[in-house]
Number of protein chains: 2
Amino acid sequence: MHIKPQIRILAIDDSALIDEKVIIIGTFFRGGEQLDGVLRTEITKDGMDATDTITLMIKKSKYYAQIRVIMLDGVTYAGFNPVDIKRLYDETNIPVIVFMRSCPDFEKIRLALENLPETEKRWEIIQRAGKIYKIAQENPVFIQICGIDKESAFEIVRMTSIRSNIPEPLRVAHLIATGVVLGESTGKA
Amino acid sequence: MHIKPQIRILAIDDSALIDEKVIIIGTFFRGGEQLDGVLRTEITKDGMDATDTITLMIKKSKYYAQIRVIMLDGVTYAGFNPVDIKRLYDETNIPVIVFMRSCPDFEKIRLALENLPETEKRWEIIQRAGKIYKIAQENPVFIQICGIDKESAFEIVRMTSIRSNIPEPLRVAHLIATGVVLGESTGKA
């Protein structure tokens, strides 16, 4: 895959867990530099609606035809509401990169899921995200991918991580999601 | 005033008028390049609380001590809720630049105010923003200022208008404010 510096990216983050409904923010970026649009939707805390709701948000957006890659911040949003990245890819036809600042602790996740309904279904969706790749660098980060080769995904993550070890589209989505819900943005994506 | 390329700017825009309460978004920027924080508050449609609410949002922010200039998108928010830029400057001790893409039509504004309570007070606050300066360029823009000299304000507007004729902090505040409220961002600041 040839990666243009201005590749159009949609990055998705969620807000803090202060309500049953959790705000999801999408940032539509040109490469790592320019924010060109903001999307917003809502999903349910610990619900099962993340995949459908995010798919719909993307497909009804005026930016849909331009988006070349979707970036997620892990595969669970709003607590343990899992995103099925294979289905997200199949339904949008846009490759998906799941970005993680640390390698997920699956034992912990499995335990937490035991306290929720549909434990097995959530577990299966989380596992479906597949192999975890480490991007070796000063502060290593981790990704999972669907519909895109590893080298291209590495390149996109590196190219857009220009102000920290977090890709700009995700860093900005985090600032917006926390700022809008809490009144002032906090921490890191 | 010496303008550093990384000057910290807080830019403020409002969302669409779909409710009695209108969301106000503040973007905290380094120069025209990097978004470092997002603030959110609410004011009343056609109310009189814009000055106090925006002052409070700024003063209680963790970014307060770093902000070197406040950028407003005109002096009325949420319909005709006017910002008293002299009081905003006095209370925050931060210079204010009011940015406008076209020269305001004061006759029209005066007429619109006749339909609202406290007409004279609103009119007086709007007038208090003072002289309008034109920044002559391919697409001219207009500013009003408080606590900053004209040349420095021109330089800040020019330096930060890197992707359009709108300063980046205001362009991004607009994308966030409209995206968060409408589900997808629209138009220009």
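All of these numbers come straight from a predicted model, not from anything done at the bench. The residue numbering used here restarts from 1 in each chain and proceeds along that chain's sequence as written. Ligands are numbered from 1 and chains lettered from A, in the order in which they are written. Residue-level local features of this predicted model are given only where pLDDT is at least 70; pairs of side-chain atoms are given and counted only at 80 or more, and the full residue set underlies all totals for whole chains, interfaces and linings. Side-chain measures here rest on the full set of heavy atoms in the structure, leaving out hydrogens and waters.

Each reported salt bridge corresponds to a side-chain nitrogen of Lys or Arg within 4 Å of a carboxyl oxygen of Asp or Glu. A complete count under the given rule lists 25 salt bridges over all chains for this structure. In this structure, Arg 110 of chain A engages Glu 120 of chain A in a salt bridge whose closest nitrogen and oxygen atoms are separated by 2.7 Å. Note that Arg 110 of chain A is positioned in helix H3 (residues 106–113) and Glu 120 of chain A in helix H4 (residues 119–128), a separation of ten residues in sequence. The network of salt bridges with shared partners includes Arg 30, Glu 33, Asp 36, Arg 163, Glu 168 and Arg 171 of chain A together with Arg 30, Glu 33, Asp 36, Arg 163, Glu 168 and Arg 171 of chain B. Here a strand is any run of E in DSSP of at least two residues, a helix any run of H or I of at least four, and the numbering for each starts at the N terminus.

As a further point, take the environment of Val 38 of chain B. As for its placement among the helices and strands, Val 38 of chain B is situated in strand S3 (residues 34–44). For every residue, the accessible area (1.4 Å probe, protein chains only) is compared with the maximum for its type, and the residue is labelled buried under 20%, exposed over 50%, or partly exposed between those bounds. Since its relative accessible area comes to 0%, Val 38 of chain B is described here as buried. A C-alpha to C-alpha distance of 9.2 Å links Val 38 of chain B and Ile 176 of chain B, two positions 138 residues apart in sequence. Residues in contact with Val 38 of chain B, not counting those within four places in the same chain, are Leu 175, Ile 176, Gly 179, Gly 183, Glu 184 and Ser 185 of chain A together with Ile 25, Gly 26 and Ile 176 of chain B. By definition, residues are in contact when any of their heavy atoms lie within 4.5 Å.

When the copies are superposed, the least-squares fit takes in the C-alpha atoms of residues with a pLDDT of at least 70 in both. Between the two copies, chain A and chain B, the superposition gives an RMSD of 0.0 Å; the rotation angle is 180° and the shift along the axis is 0.0 Å. The superposition of one copy onto the other is thereby described by a two-fold rotation axis. Among all residues of chain A, the minimum C-alpha distance to the rotation axis is found for Ile 176 of chain A, at 3.6 Å. In this assembly the copies share their binding face: 100% of the residues contributing to the interface of chain A also contribute to that of chain B.

Residue and element names in this part refer to chain A. Two elements in contact, helix H1 (residues 50–59) and helix H2 (residues 85–92), have axes whose closest approach is 10 Å; the angle formed by their N-to-C orientations is 25°. With respect to their mutual orientation, H1 and H2 come out roughly parallel. You can see that H1 and H2 cross each other, and the crossing is right-handed. Between H1 and H2, the contacting residues are Thr 51, Asp 52, Ile 54, Thr 55, Ile 58 and Lys 59 on the first element and Arg 87, Leu 88, Glu 91 and Thr 92 on the second. Polar here means any residue outside two lists: the nonpolar Ala, Val, Leu, Ile, Met, Phe, Trp, Tyr, Cys and Pro, and the charged Asp, Glu, Lys and Arg; Gly therefore counts as polar. Tallied by class, the residues present in the contact of H1 with H2 amount to three nonpolar, three polar and four charged. Fitted lines through C-alpha atoms give the axes, limited to the stretch in contact for helices. The angle between two N-to-C directions lies from 0 to 180 degrees. Should an angle fall under 35 degrees it is taken as roughly parallel, and over 145 as roughly antiparallel, whereas 65 to 115 is taken as roughly perpendicular and any remaining angle as oblique. Crossing handedness is defined as follows: a turn of the near helix away from the far one that is anticlockwise and smaller than a right angle gives a left-handed crossing, while the clockwise case is right-handed.

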